[in-house]
Each structure stands twice: as structure tokens, then as C-alpha cells.
Amino acid sequence: MVSRSTPPSSKRPVGTVTRGTTNPNRLRRMDRWIAAAHGAALRRADAPVAVDLGYGAAPWTAVELLARLREAAPGVRVVGIEIEPARVAGAKPYEREGLSFRHGGFEVPLDGGERPALIRAANVLRQYDEEQVAEVWQRLCGRLAPGGLLVEGTCDEIGRRHVWVALGPEGPRTVTFATRLGSLERPSDLAERLPKALIHRNVPGEPVYAFLRDFDRAWAAAAPYASYGARQRWIRTARALAADWPLADGPVRWRQGELTVRWEALRPAG
């Protein structure tokens, strides 16, 4: 159960303390995608609030999220939520207009029961068991405002490689693979950053395994385009994949080193 350390009925936060590893600009790829994919919805919302859930030992990711989202939706507010009280105390000096920090967990405590238009949970579920993920997703999606978005995923320490799942109140929608193209040898290098729901499913017989296999094959076939740069090779690879996999984006996002596929295509078997 998600509440292995704290029962849902308790007033204490739900969840467990993470390692807290964080670095400036670590989540820039995810932030930019959120601004592009969800910016219009944030602009339409009345005083939207975004939650940086489990921001870690330092508040950099919440500070950066506010700056990046306000480029797309000037009225957005960001609340950083941490289960470790010392981390909340350490973040308080960084509070400003539109940015605050509070103690909490998967219950996502906001004033007056407010529902967030966005919850970002990066590198939070890595320490949990795979069978706990669905319950966490359900809990967090249940806190979203109508039309809200949950983005949950994992990245490396400096944000070069990142994979995340986007979910609405109804559940998972898409999986996005994002990378600094100059550092990529093959797309399956991203497998080590698959979110908890998928990382143990990268084995024969599972859809995500087949997808990464086809991703590598398309990348290899696009090798002649490398002379035009890694970006052109990635775009060519994405076009080839689109023939067999339901991609949810196009060249505008591909140029950013991203590729998004429908969740139904990668959903774990069984």
C-alpha cells in the first residue's frame, strides 16, 4: 500500500521521505513540455495553482517551475510540497509572490481544499514498489481540478534524459521520452529513466520493450541523417515510428528532443 508508513486517515502526510537529490535545471525538459502541452489550460483556469510534489532537499525545481509556467500562464501560482519538515523550513526563505512551500505528501494539502490544475511529481515514485504506483496515481489524479494534469516521471541527475507519464483525472494518457540529443547513443539509453510503472516491464513480451526495440531500429535506419545533425536524425526516426506506433506529437516537439506516445500502446501487459 502507498500508506505503508502513514494511514490515509492520519493527519500526518501520506508517503515516505525521498532521497531529496536535486540540481538547478534538472527538470527543464519536463517544465518546457508542460508549458507547451498544458499552458493553454492554465491560462483558461481561474487563478490556477501548480504543485511541485516532493521537490527535494533544495527548492530549485519549484522556483524554476514558477518562472517557466508564468511564461505560458502569467496568473499561475506554484506550491512546493515536501514530506520532510526540514526541507520545507529550508525553502521558506525562497517564498515570493506566487510561490509558497508547505509540509505534506500524496494528500496534496492546499488551502480550503483547493484543487491544483497541475501536479508535477518528478523522481518521487522511484523508491516505491511497482504495485503501489496505480494507487498513488489514483490518489493524485483525484486531487486534480477539472481539466487538470498530473506529470510523473524520472530523470538523470542533470536532466539530460527524462521519461514521464502524463495523466488526467481519468488516468494515464501519454508517455514522453526526452533527451539532450547530443548525448544520445541510442534511444534505448532512456530505458534506465523509465518511470516506476514501466521500468520493470522492459522485458520481452511487454509493449514498452517492443517500442524501445523499434525505436532503436528506426534510429539505426536513420543513421544517414546524422550528417545533418542529431536533431534531423531524431525527426526522421520519429516519422518512421509513427507508421507503427500512435505518437501524440509532431515535428515541433520532436525538434526539442522529445517524442510522446499514447499510454495505451505502452500499457503493461497482464
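This report concerns the structure included in the present document. (Residues numbered from 1 in each chain as written. Predicted model: local features only at pLDDT ≥ 70, side-chain atom pairs only at ≥ 80, totals over all residues. Heavy atoms only, no water.)

**Concerning the overall build of the chain**
- Counting its regular elements, the chain contains nine helices and eight strands.
- At 18 Å, the chain has a C-alpha radius of gyration in line with the 18 Å of a compact globule built from 270 residues.
- With the principal axes as the frame, the chain shows a C-alpha extent of 55 × 40 × 30 Å.
- Each of the 270 residues in the chain was classed as buried or not, and the buried ones make up 56%. (Helix = DSSP H or I, 4+ residues; strand = E, 2+ residues; numbered from the N terminus. Rg over C-alpha atoms; globule rule 2.2 N^0.38 Å. Buried < 20%, exposed > 50% of the residue type's maximum accessible area, 1.4 Å probe, protein only.)

**Here's the deal with the packing of helix α6 (residues 207-221) against helix α7 (residues 230-241)**
- Interhelical geometry of α6 versus α7 gives an angle of 125 degrees and a closest axis separation of 8 Å. Classified by the interaxial angle, the pair formed by α6 and α7 is oblique. Crossing of α6 over α7 shows right-handed handedness. Note on element contacts: α7 touches α6 through Ala230, Arg233, Trp234, Thr237, Ala240 and Leu241, opposite Phe211, Asp214, Phe215, Ala218, Trp219 and Ala220. (Axes fitted to C-alpha atoms, helices over the stretch in contact; angles between N-to-C directions. Parallel < 35°, antiparallel > 145°, perpendicular 65-115°, else oblique. Left-handed = near helix turned anticlockwise from the far one by under 90°. Contact = heavy atoms within 4.5 Å.)

**Observations concerning the environment of glycine 148**
- Mapped onto the elements of the fold, glycine 148 is located in the loop between α4 (133-141) and β5 (149-155).
- Given a relative accessible area of 1%, glycine 148 falls into the buried group.
- The spatial distance from the C-alpha of glycine 148 to the C-alpha of proline 224 is 41 Å, given a sequence separation of 76 residues.
- Leaving out residues up to four positions away in the same chain, glycine 148 has contacts with His38, Ala117, Leu167, Gly168, Pro169 and Arg173.

**Observations regarding the nonpolar core**
- Core analysis: the largest hydrophobic core is formed by 52 residues, its most contacted members being Phe106, Trp137, Val175, Phe177, Phe211, Trp234 and Leu259.
- The leading source of residues in this core is α6, at seven residues.
- In this structure, tryptophan 137 is in contact with Leu125, Leu150, Glu152, Val165, Leu167, Pro172, Ala197 and Trp263, ignoring residues within four places of it in sequence.
- Residues Trp33, Leu66, Val76 and Val78 belong to the second largest nonpolar core, which totals 28 residues. (Core = buried A, V, L, I, M, F, W, Y, C linked by side-chain atoms within 4.5 Å.)

**Some details on the sheet that holds strand β6 (residues 161-168)**
- Read across the open sheet, the eight strands follow the order β3-β2-β1-β4-β5-β6-β7-β8; overall the sheet is mixed. On the outer flanks of this sheet lie β3 (99-103) and β8 (258-262), each paired with one strand and no other. Going from strand to strand, the sheet's axes swing by 20 degrees on average, the running direction of each strand aside.
- Strand direction decides the pairing type here: strand β1 (residues 49-53) and strand β2 (residues 77-82), joined by five bridges, are parallel. In the sheet register, valine 51 faces β2, and the bridge partner there is valine 79.
- Along the sheet face, α7 touches β7 (171-179) and β8 and points at about 10 degrees away from the line of β8. (Pairing = 2+ DSSP bridges.)

**Notes on the environment of tryptophan 254**
- By the element assignment, tryptophan 254 lies in helix α8 (residues 251-254).
- Spatially, the C-alpha atom of tryptophan 254 lies 7.4 Å from that of alanine 238, the residues being 16 residues apart in sequence.

**Here we look at the pairing of β2**
- Most of β2 sits inside the fold, with five of its six residues counted as buried.
- Between β1 and its parallel partner β2, the chain crosses via helix α2 (residues 60-72), and the hand of that crossover is right-handed.
- Pairing of β2 with β3 involves five bridges; the strand directions are parallel. Paired with glycine 80 across the strands is phenylalanine 101, a residue of β3.
- What joins β2 to β3 is helix α3 (residues 85-91), and the crossover it makes is right-handed. (Right-handed = clockwise from strand over helix to strand, strands pointing away.)

**Remarks on the packing of aromatic side chains**
- Taken as a whole and judged by the stated rule, the model has twelve aromatic pairs.
- Geometrically, the ring pair formed by tryptophan 60 and tyrosine 94 is edge-to-face, given 5.5 Å between the ring centres and 90 degrees between the ring planes. Taken together, the residues tryptophan 60 in helix α2 and tyrosine 94 in the loop between α3 and β3 connect sequence positions 34 residues apart.
- Through a chain of ring-to-ring contacts, three or more aromatic side chains come together here, namely Phe177, Phe211, Phe215, Trp219, Trp234 and Trp245. (Phe/Tyr/Trp six-rings, centres within 6.5 Å; stacked < 30°, edge-to-face > 60°.)

**Examining the side chain of glutamate 258**
- Residue position: glutamate 258 is located in strand β8.
- Within the local environment of glutamate 258, its side chain forms a polar contact with the side chain of arginine 253, the two groups lying 2.9 Å apart.
- Discounting residues that sit within four places of it in the chain, glutamate 258 has contacts with Arg29, Trp33, Thr176, Phe177, Ala178, Trp234, Asp249 and Arg253. (Polar contact = N/O pair within 3.5 Å; in protein donor to acceptor, adjacent residues only side chain to side chain.)

**Quick look at the packing of helix α1 (residues 28-44) against α2**
- Put simply, α1 and α2 touch, their axes get as near as 8 Å, and they point 40 degrees apart. Viewed along their axes, α1 and α2 adopt a mutual orientation that is oblique. In terms of crossing hand, the pair formed by α1 and α2 is right-handed. Contact residues: Arg28, Asp31, Ile34, Ala35, Gly39, Leu42 and Arg43 in α1; Glu64, Leu65, Arg68, Leu69 and Ala72 in α2.
- Considered class by class, the residues forming the contact of α1 with α2 number six nonpolar, one polar and five charged. (Nonpolar A, V, L, I, M, F, W, Y, C, P; charged D, E, K, R; others polar.)

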